[in-house]
Structures are given as C-alpha cells and as structure tokens.
Amino acid sequence: MSDNKVSRQKPCHHCKSRSASAPPDTSTIHYEKFWLYRHCSSVQQRDRQAQKAGQLFSGLLAMNVVFLGSAFISSMIFNHVAITLADVWILLSILKVLCLCWIIYYLLGTSRQPHAVLYRDSHAGPIWIRGSVLLFGSFSVLLNMFQIGYSVILIQCKSMVEIVFPSIEILFICTQAFFLWHHSKDCIQVQHNFTRCGLMLTIATNLLLWLLAVTNDTIHMEIESQLREVEQRFAGKAPFSHPYLRNETISCTCPNTTICKVFQKGYILLYPFNTEYCLVCCSVLYVIWKNVGRRISHHHVPHIKPKFKLQGVVFGPLLGTTAVIIGICVFMIYQIQATGSAPNHQVFVMYYSYYIVLLPLMSVGAVIGTIIHALEKRELDTLKNPTRSLDVILLMGAALGQIGMSYFSIVAIVATDPRDLLNSLILSYSVLLIFQNITQNVFIIDGLHRQPFISPGKEEEMKEEQNHEACNQRRVSMLELGQEIRKVSLSYLHSYSHLSWKRRALREISFFLVLCNITLWVMPTFGAHPVFENGLEKSFYGYSTWFAIVNFGLPLGVFYRMHSVGGLLEVYVTA
C-alpha cells in the first residue's frame, strides 16, 4: 500500500467536514477504537487516543502482575515458612500457561487474519538478537533438563512441583523462541488491545522469571551444603545446614555421585544463560508491543541497507584478535584452576591484570571515537525508531549491573585492606570498568543517532531509484544501463579504497571494541566468576547478599556486552 493511501484517511461519521475523496481501499486499515474515545471528531484522533489508552491499560496489567509476583518472591525470601518456593513456582506456572495460550492464539489466529500484518519494522529483530534468543533459549532448555534430572534422581526427597515447573518452562521457552523468531518484526493491525495485553503479560512473566533466578539461591546452597557435608564428615564435624534447607533431611544424598556432579556442574554453568534469555526476550517483546498498530511510511524504509564489509580496516581486527587470543588463554587457565580446586592467588592476579590492561585501551578508543563523531559533518537521524530508542535504554540500563557491582566492590575493598596486591588490582579493575562502560555508552549512542554515510556512487544510485519511482517515463538502453552500473561500481570501490581518516578510524575503533566485548562476554558467560570466587566481597557482605548482588549484576553485565556488540556493529557499518 502506498503512502498516499495511508495518509488520506477517512474521517468518522461525527466529523462535519467529511471528505468525499476517500480512497476505496481504506477498509484494509484497521483503526484502533476505545470506548473512552468513541465520540472523537476524527478517525485519526480516535486512533491516536485509543493507541495511548491501550498502551496505558496493558502497562497497568504488566505492573500489577510484576508487583504480585514480586510480593510472592519477597515473601519467600523473608518468610520462607508461609510462602515457599513451590508456591512461587505454581504462580509462575499459571502465568506461563496463560502466556502459552496467548502465543498459540496469536500464531494460529491473530497473525493469520486478513490485513493483520500490513507492515514490518526493518529495524526490529535483527539477526543477532533472534540468534541470541535461540542460543540462550537452547541453553535454558538444557538447564531445565539438568534440573529435572537432578530432581528425578533425588525423587525421594523432592516434590512433583520441582519436576513439573521446569517441564512447563521448557515448553514456554520453545514456544516463545519460535514466536520471537518469526514475528519480531510484526506491526500488527488487528486486535490491538488484546495483543498488547498478551505481550505485556509475557514481558511481566519473563521479568518475574528473571527476578526469581536472581534472588533464588536454594539449589546453589543445596549443592554447597552437600560439598560442605562431605568435607565435614572427613573432618569429623557436624553437618552443615542452611536456613532454606532445614526441612531437607540429611539422608537426601545422591545415589549416583558422578551423575549428580554432572547435573550440579551443568546447572551452575548454565544458570546465567537463563537470566540472559529472560532479558533478551523482554527487549524483543517490548519492541513488538511498541509496534502494535504502527503504520510505517516508505520514508522510514531505507533504500540501501549498509552491509558489513572488512574493507579499509587493519589495526582494529589485529589488536582485537590479539585481545581475544590472550583473553581465551587467561580464561582457560582460570577455568582449569577453578574446576580442579579453589583458584589460587596468582590466578586472580593474572585475571584482573588482563582486565586492567584491556579496559583502558577500550576507554581510550571510545573517547577517540566520540571526538571523531563530534568532528564529523554527518546529520543526526531524527526519525522515530522504537528499536533504536530501546537500544539506548538497554545500553544505559544494562551498564548499571557492572557499575553497581563495581561500586559494591570499591566499598568492600576500601573498608578492609586496599593496600593488598589483589585488593588493589580489584579496586583498579572496578574503577576502570565504570569508566569504560560510560565512555563506550557515549560512543555507541552517539553513533546510533548518526545518519549512515552514503558514498557518491550510492547517492547517485538512490537518486536514480527515486527518479524512477517518481516518473516511469525515462527508458534506457541495455548499453546505457551497463555503463551506469559500471560507473556506480567503480565509484563504490574507489570510495572504499580511499576512506577518509575519520571513517577509517571509526571502523578500526568499532571493530576493536566488537572483538573486546565478545571476549568480555565469553569469559563471565562460560564460568569465570572471580567476583564471587575471590571471597573478598562474599566475606564482607555475606553469602546471600553478595549472591543476590552478583546474580543481579552479572546477567546485566553479560547482556550489556552482547548488546554492545550489536550497537558497535551498527556503528561500524554506518561509518
């Protein structure tokens, strides 16, 4: 449908200045209606007010669900006798079943209605986001399988809820991942309010699952208590008991130690992926929610999408690859020490030293890139873009995880012994991490709001395309067409082989930061957690408090690194 047909809208019967030249196919547009605004003067005004009202009521639904779930989870933490973990699981299972019903209805009903998806947001649901949903979803399914296996082995002292809950979770993860993969770009035009409420219910459910994963340390404490029990038996001491586990019998031991260790290690290793999956799903669902009822004109659709090419960059990939190789070596040495026994002092020194060298380089690169952005003459992109707005919010919000953990570490170190070698390294690491997050956010956000650079050849190509769309009067011969294609190709290659120093520097910096963020994403994601294993903050704040802080900040930090990679790639391709 052309933009002219969308903009020439038919007013309602209440409007006195009724247009007589309404296009014949305006019936394909399903304008929103709401009972509060049924007497408005025009269809356009009623549509806008109904959209705001639908977003308000669906947001209120999500807020109430989140508050209810948060009250359950908080009651479980502070009064685990009245409200147990099984009660929280039952509530979340009910919410997941409701979400499953809505998703199935959307897939089989709403999306298949006539004129349901007239527009698709080209910026929403990029391949790296949908790939992350599949990747983290697969690991989350594996995590729940480990939990089911662990509960089945200890069935004599486990309830059926501990088997049913992860089973429903697997079904929920698979269905939601399928929905997000195929419908992340939808701008649904029918059943607006019902779709918004379903999306907000799903967002609230994912947020509650994330909150439970952040605050619930029952299984971790159960595993740790079993390890301490074994150690204390050898030492001839009384067995250890955690307050959450007092109702568990001492005889609840695993009959097959090897299989139990596999399930325990797998559960702990895959635990961050579940929290990551919930956060990624919330971001994608929010964009779909913002796009409900959205009508996109052809001005919002780019004629030529920038493509990822490695032309014109040398030092960025070279330095980034060096950082990746060294980081993998540090990570492997740390993991070998951590899995074999408790990590020794030298391993922590090596780990934090790597960060202390890498973080200043990343900060300097981000500052130089921001200065180059200020020197550029590219215009700002002021078009409405829900995906970009969400990217900015997620970058700023996710950075709070690492920044918050760093400030907690700074307080613990300053209050204990900042002159110790390891403590001074952790202090330097925390300060540098805060500075690096801030400088990188400024660089990425400034780059996302810049219009893509268009080479002269591309600019001529876009002008030719616009002229061809405006009037189809000009006809060229095959010879002229071949000459035009050759001219555009030569101009394109010439522009890439003679990049300006500003564009070259931006690409070098962006690519270097991409590889560094991938390294800093891999290390905490696959098991390197020195912030929890060095023992300093854990002894200062206590196990449960520091567990909640780490489980809040670590998934946000991992999500920040992954999201930064996507933002930096966009800055790279538009430079």
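All of these numbers come straight from a predicted model, not from anything done at the bench.

Q: Quick one: what's the story with the overall build of the protein chain, residue by residue and with numbers?
A: Across its full length, the protein chain carries 18 helices and two strands. A total of 575 residues make up the protein chain; the buried ones form 50% of that total. A separation threshold of at least 6 residues defines the contact pool for the protein chain, and within that pool the share at least 24 residues apart is 85%. Of the accessible surface of the protein chain, which amounts to about 28,000 Å², a share of 66% is contributed by carbon and sulfur atoms.

Q: Lay out unusual backbone geometry in plain terms, naming residues and giving numbers.
A: Phi at Gln-191 is positive, roughly 50°, even though this residue is not glycine. If you trace the backbone, Gln-191 turns up in the loop between β2 (186-188) and α6 (192-215). A relative accessible area of 27% means that Gln-191 is categorised as partly exposed.

Q: Mind laying out the packing of helix α8 (residues 257-290) against helix α11 (residues 386-415), listing which residues take part and the relevant values?
A: Any two packed helices are characterised by how steeply their axes cross, that is the angle between the axes, and by the distance between the axes. Relative to each other, α8 and α11 sit at 145°, their axes nearing to 10 Å. For the pair α8 and α11, the sense of crossing is right-handed. Within the contact between the two elements, α8 uses Ser-283, Tyr-286, Val-287 and Lys-290 and α11 uses Pro-386, Thr-387, Leu-390 and Leu-394. Looking at side-chain class alone, the contact of α8 with α11 contains five nonpolar, two polar and one charged residues.

Q: Can you tell me about the environment of Cys-281, naming the residues and giving the values?
A: Residue placement: Cys-281 occurs in helix α8. Linking Cys-281 and Ile-129, residues 152 residues apart in sequence, is a C-alpha distance of 9.2 Å. If we skip the residues at most four places from it in the chain, Cys-281 touches Val-133, Gln-176, Leu-180 and Asn-206.

Q: Describe a nonpolar patch on the surface, naming the residues involved and giving the relevant values.
A: Among the surface-exposed residues, Leu-56, Phe-57, Leu-60, Met-63 and Phe-67 lie close enough to one another that they form a single nonpolar patch of about 490 Å² accessible area. Looking at the element boundaries, Leu-56 is found in helix α2 (residues 43-78).

Q: I'd like to hear about α8, residue by residue, with values.
A: An ideal rise of 1.5 Å per residue puts 50 Å on 34 residues; α8 measures up with 50 Å between its terminal C-alpha atoms. At Leu-270, α8 is deflected by roughly 40°, the largest bend along its length, and proline Pro-272 occurs up to four residues later in sequence. Most of α8 sits out of view: 24 of its 34 residues are buried.

Q: Tell me what's going on with the pattern of salt bridges, and back it up with residues and numbers.
A: Tallying each qualifying case throughout the model produces one salt bridge. A salt bridge links Glu-169 to Lys-96, with the nearest nitrogen and oxygen atoms 2.6 Å apart. A residue pair is termed long-range when its members are at least 10 positions apart, and Glu-169 in helix α5 (residues 161-183) and Lys-96 in helix α3 (residues 85-108) qualify at 73 residues. Given a relative accessible area of 3%, Glu-169 falls into the buried group. Taking the relative accessible area as the measure of exposure, Lys-96 reaches 0% and is therefore buried.

Q: If you had to explain the packing of aromatic side chains to someone new, which residues and values would you point to?
A: Two aromatic rings, taken as a pair, are described by how far apart their centres are and by the angle between their planes. Enumeration according to the criterion identifies 20 aromatic pairs in this entry. Seen from their ring centres, Trp-89 and Phe-165 are 5.1 Å apart, and the 15° between their planes marks the pair as stacked. Residue Trp-89 is located in helix α3, and its partner Phe-165 is located in helix α5; the two are separated by 76 residues in the primary sequence. Per residue, the accessibility class of Trp-89 equals that of Phe-165, and both read buried. Judged by centre distance (6.1 Å) and plane angle (90°), the ring pair of Tyr-354 and Tyr-355 falls under edge-to-face. Exposure remark for Tyr-354: the relative accessible area of 9% places this residue in the buried category. Taking the relative accessible area as the measure of exposure, Tyr-355 reaches 5% and is therefore buried. Here a set of aromatic residues connected by ring pairs shows up, and it is made of Tyr-334, Phe-348, Tyr-351, Tyr-352, Tyr-354, Tyr-355 and Tyr-429. One Lys or Arg, Lys-96, reaches over the ring of Phe-165 and ends 3.7 Å from the middle of that ring. Its end group placed over the ring of Trp-181, Arg-130 keeps NZ or CZ at 4.7 Å from the ring centre.

Q: For the side chain of Thr-275, give the residues involved together with the corresponding values.
A: Along the chain, the position of Thr-275 falls in helix α8. If we skip the residues at most four places from it in the chain, Thr-275 touches Trp-210, Ala-213 and Pro-555.

Conventions we followed
Residues numbered from 1 in each chain as written. Predicted model: local features only at pLDDT ≥ 70, side-chain atom pairs only at ≥ 80, totals over all residues. Heavy atoms only, no water. Helix = DSSP H or I, 4+ residues; strand = E, 2+ residues; numbered from the N terminus. Buried < 20%, exposed > 50% of the residue type's maximum accessible area, 1.4 Å probe, protein only. Contact = heavy atoms within 4.5 Å. Areas by Shrake-Rupley, 256 points an atom, 1.4 Å probe, with all protein chains shown as cover. Axes fitted to C-alpha atoms, helices over the stretch in contact; angles between N-to-C directions. Left-handed = near helix turned anticlockwise from the far one by under 90°. Nonpolar A, V, L, I, M, F, W, Y, C, P; charged D, E, K, R; others polar. Patch = residues over 30% accessible without salt bridge, like charges linked within 9 Å, V, L, I, M, F, W, Y side chains within 5 Å. Salt bridge = Lys/Arg side-chain N within 4 Å of Asp/Glu carboxyl O. Expected span 1.5 Å × (residues − 1). Bend = angle between axes of the 7 residues up to and from the residue. Phe/Tyr/Trp six-rings, centres within 6.5 Å; stacked < 30°, edge-to-face > 60°. Lys NZ or Arg CZ within 6 Å of the ring centre and 35° of its normal.

Treat this as a map of the structure, not an account of what it does.
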